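# Structural features, examined
Below are the chains, spelled out letter by letter.
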Amino acid sequence: MIKKFATLFLLGMILSSCGISKDIRDQRNLLSGTWTLNDIHYENNQGMFKAVVFNDANAICFEDSNWFFRDNNSTGRYTLKSGSLCEGGDRFIRWSVVSNPANYTNQLQFKFIDEKRNDISGGLGYRLNIATLTENEMILKSNVMVDTKTVTIVYEFTKN
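Residues numbered from 1 in each chain as written. Predicted model: local features only at pLDDT ≥ 70, side-chain atom pairs only at ≥ 80, totals over all residues. Heavy atoms only, no water.

Counting across every chain of the model gives 16 aromatic pairs. Ring geometry for Phe 69 against Trp 95: centres 5.3 Å apart, planes inclined by 80°, an arrangement best described as edge-to-face. On the criterion of sequence distance, the pair formed by Phe 69 in strand S4 (residues 65–70) and Trp 95 in strand S6 (residues 89–100) is long-range, its members being 26 residues apart. Neither Phe 69 nor Trp 95 differs from the other in exposure class; each is buried. Among the aromatic residues, ring-to-ring pairing joins Phe 54, Phe 62, Trp 67, Phe 69, Tyr 78, Trp 95, Phe 110, Phe 112, Tyr 126, Tyr 155 and Phe 157 into one connected group. A cation over a ring is seen here: Arg 28 above Trp 95, with NZ or CZ 4.7 Å from the ring centre. (Phe/Tyr/Trp six-rings, centres within 6.5 Å; stacked < 30°, edge-to-face > 60°. Helix = DSSP H or I, 4+ residues; strand = E, 2+ residues; numbered from the N terminus. Buried < 20%, exposed > 50% of the residue type's maximum accessible area, 1.4 Å probe, protein only. Lys NZ or Arg CZ within 6 Å of the ring centre and 35° of its normal.)

This next bit is on the sheet that holds strand S9 (residues 137–146). One closed barrel accounts for eight strands, arranged S1-S4-S5-S6-S7-S8-S9-S10; its pairing is antiparallel. Going across the sheet, the axis of each strand differs from the next one's by a mean of 35°, ignoring polarity. Relative to strand S10 (residues 149–159), S9 runs antiparallel, the two sharing 10 bridges. Among the inter-strand pairings, Ser 142 is bridged to a residue of S10, identified as Ile 153. Against the sheet, helix H2 (residues 22–31) makes contact with strand S1 (33–43), S4, S6, strand S7 (105–113), strand S8 (126–133), S9 and S10, and its axis sits at roughly 160° relative to S6, the strand it touches most. (Pairing = 2+ DSSP bridges. Axes fitted to C-alpha atoms, helices over the stretch in contact; angles between N-to-C directions. Contact = heavy atoms within 4.5 Å.)

Here Ile 120 lies in the loop between S7 and S8. Between the C-alpha atom of Ile 120 and that of Phe 92, which follows or precedes it by 28 residues, the distance is 9.7 Å. Leaving out residues up to four positions away in the same chain, Ile 120 has contacts with Phe 112, Ile 113 and Asp 114.

All we've got here are geometric facts, nothing functional implied.
Here it is, written out as structure tokens:
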């Protein structure tokens, strides 16, 4: 009897340690829905930059893009508008919120999938630091190296 209890107790501890924290669950709930990426700008450096974002398109193509996050199955998409510099259309993603103990922030991570939810990026993905996340506003940041200096790309969203 004690052996069965100990086994059940150990199994319960293992299962509870696999759950996500309340902080991450709250951020997933806040992320759920449709967002508009209003602005992309750069911190920590001066000058003009031409950046290809997420190995997809020029940064300017992402302004006014529409992002959708579904929290019940961790899928979503972003949609770029067509233009002379931009190939419009939907890009499907699988996303999650993860803890980053290195800088005490949470991060939005995602990778590209197809319409059938199969990975199309060979397991590669992207992580953005969550600087601000409220019911109406989200600011994400990512660091990139430019000529041995760190430049922070800032993505400012509003919820629709």
